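Breakdown of the fold
Listed here are the chains, written in short residue letters.
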Amino acid sequence: AQSVAQPEDQVNVAEGNPLTVKCTYSVSGNPYLFWYVQYPNRGLQFLLKYITGDNLVKGSYGFEAEFNKSQTSFHLKKPSALVSDSALYFCAVRVDYNTDKLIFGTGTRLQVFP
Amino acid sequence: GAGVSQSPRYKVAKRGQDVALRCDPISGHVSLFWYQQALGQGPEFLTYFQNEAQLDKSGLPSDRFFAERPEGSVSTLKIQRTQQEDSAVYLCASSLEEASTDTQYFGPGTRLTVL
């Protein structure tokens with residue numbers, strides 16, 4: 001069965017330091033991978049996606065993610081964290097047959113301290 | 001705004017009541033999705049429309065849940081005889097095309113509380 005794992009419930013980082021939010025996936029076909037961010041009482045905002053091609057994907061607000069097929073990972077990264085990056089981050093996967101639904105991880109809360 | 005809108009934003013229902021949640025997708029978007037997000041969890045798929053056709057309803061938890069999109073635009077998610085376990089945030093998303101690679105854009109959600 002398709003699944004997504006976000007092994008860390010919370011990530012703490014000081015402002016200005018690099019951040020990484022981890023995501024691994026398990027799918028039987030070619031994965032299409034997405035990152036979304038959720039602020040309190042708001043819906044999910046799209047950050048970036050990997051479909052094919054270059055393994056390093058750049059997205060909104062300075063975020064990027066690296067697709068690693070051998071490790072089945074799609075970690076979210078940012079070189080220099082901002083306090084305003086504090087939010088809940090979700091990794092999601094969609095496989096390339098029959099269904100268009102997204103399968104989400106349980107989320108990682110990012111806390112950036114000034 | 002040109003984003004996905006949902007109404008109401010908050011809904012409190014007594015157990016056993018019926019509720020209807022509305023979603024206005026981005027204009028021109030072909031695909032529409034409903035997800036359920038329980039407290040502290042990631043969103044879980046409920047159902048999917050391509051225009052007015054409901055192509056996947058495998059995520060609907062019971063026959064008390066019903067969704068429609070009669071004219072291929074606005075969608076309504078109806079829950080009959082609500083139960084406490086139905087309490088969650090219901091998210092709607094739309095995407096421009098039918099392709100699996102297309103990005104889903106989410107609305108702000110409707111928070112349903114069943115007392």
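A brief report on the enclosed structure follows.

Cut-offs and rules
In this numbering scheme, every chain counts its residues from 1 along its sequence in written order. In the order they appear in the text, chains get letters beginning with A and ligands get numbers beginning with 1. Totals for whole chains, interfaces and linings use every residue, but because this is a predicted model, local features are given only for residues with pLDDT of at least 70 and side-chain atom pairs only at 80 or more, for both listing and counting. Working from all heavy atoms in the structure, the side-chain values ignore hydrogens and water. Criterion for a salt bridge: a side-chain nitrogen of Lys or Arg within 4 Å of a carboxyl oxygen of Asp or Glu. The buried label applies to any residue whose accessible area, calculated with a 1.4 Å probe on protein chains only, is under 20% of its type's maximum; exposed applies above 50%, and partly exposed to all values in between. Helix and strand definitions here come from DSSP, where helices need a minimum of 4 consecutive H or I residues and strands a minimum of 2 consecutive E residues; each element is numbered from the N-terminal end. As used in this structure description, the phrase polar contact means that two N or O atoms lie within 3.5 Å; if the pair is within protein, one of them must be able to donate a hydrogen and the other to accept it, and residues adjacent in sequence are counted only when both atoms belong to side chains. Note on contacts: a residue pair is in contact if any heavy atoms of the two residues lie within 4.5 Å. Strand pairing requires that DSSP identify at least two bridges connecting the strands. Helix axes are fitted only over the stretch in contact, all axes being lines through C-alpha atoms; the angle between N-to-C directions runs from 0 to 180 degrees.

1. Side note on the pattern of salt bridges
A full pass over the atoms with the stated rule returns 5 salt bridges over all chains. The salt bridge partner of Glu64 of chain A is Lys58 of chain A, with a shortest N-O separation of 2.9 Å. A relative accessible area of 63% means that Lys58 of chain A is categorised as exposed. Of the charged contacts, one joins Arg64 of chain B and Asp86 of chain B as a salt bridge, the two residues approaching to 2.8 Å between their closest N and O atoms. Linking Arg64 of chain B in the loop between strand 6 (53–56) and strand 7 (65–68) with Asp86 of chain B in the loop between strand 8 (75–79) and strand 9 (88–95), this pair joins segments that are 22 residues apart in sequence. By relative accessible area, which is 11% here, Arg64 of chain B ends up buried.

2. A few points about the side chain of Thr47 of chain B
Residues and elements named next belong to chain B. In this structure, Thr47 sits in strand 5 (residues 44–50). Within the structure, Thr47 has its side chain in polar contact with the side chain of Gln54 (distance 2.7 Å). Beyond its immediate stretch of four places on either side in the chain, Thr47 contacts Leu32, Phe33, Trp34, Gln54, Asp56, Lys57, Leu60 and Ala67.

3. Here's the deal with the sheet that holds strand 1 (residues 5–7) of chain B
Residues and elements named next belong to chain B. The 4 strands lie next to each other as 1-3-8-7, forming an open sheet whose pairing is antiparallel. In the strand order of this sheet, the two ends are held by strand 1 and strand 7, each with one partner. Taken pair by pair, the neighbouring strands of this sheet meet at an average axis angle of 15°, ignoring direction. Of the pairings in the sheet, the one linking strand 7 to strand 8 comprises 4 bridges and is antiparallel in character. Across the sheet, the residue bridging to Phe66 is Lys78, located in strand 8.

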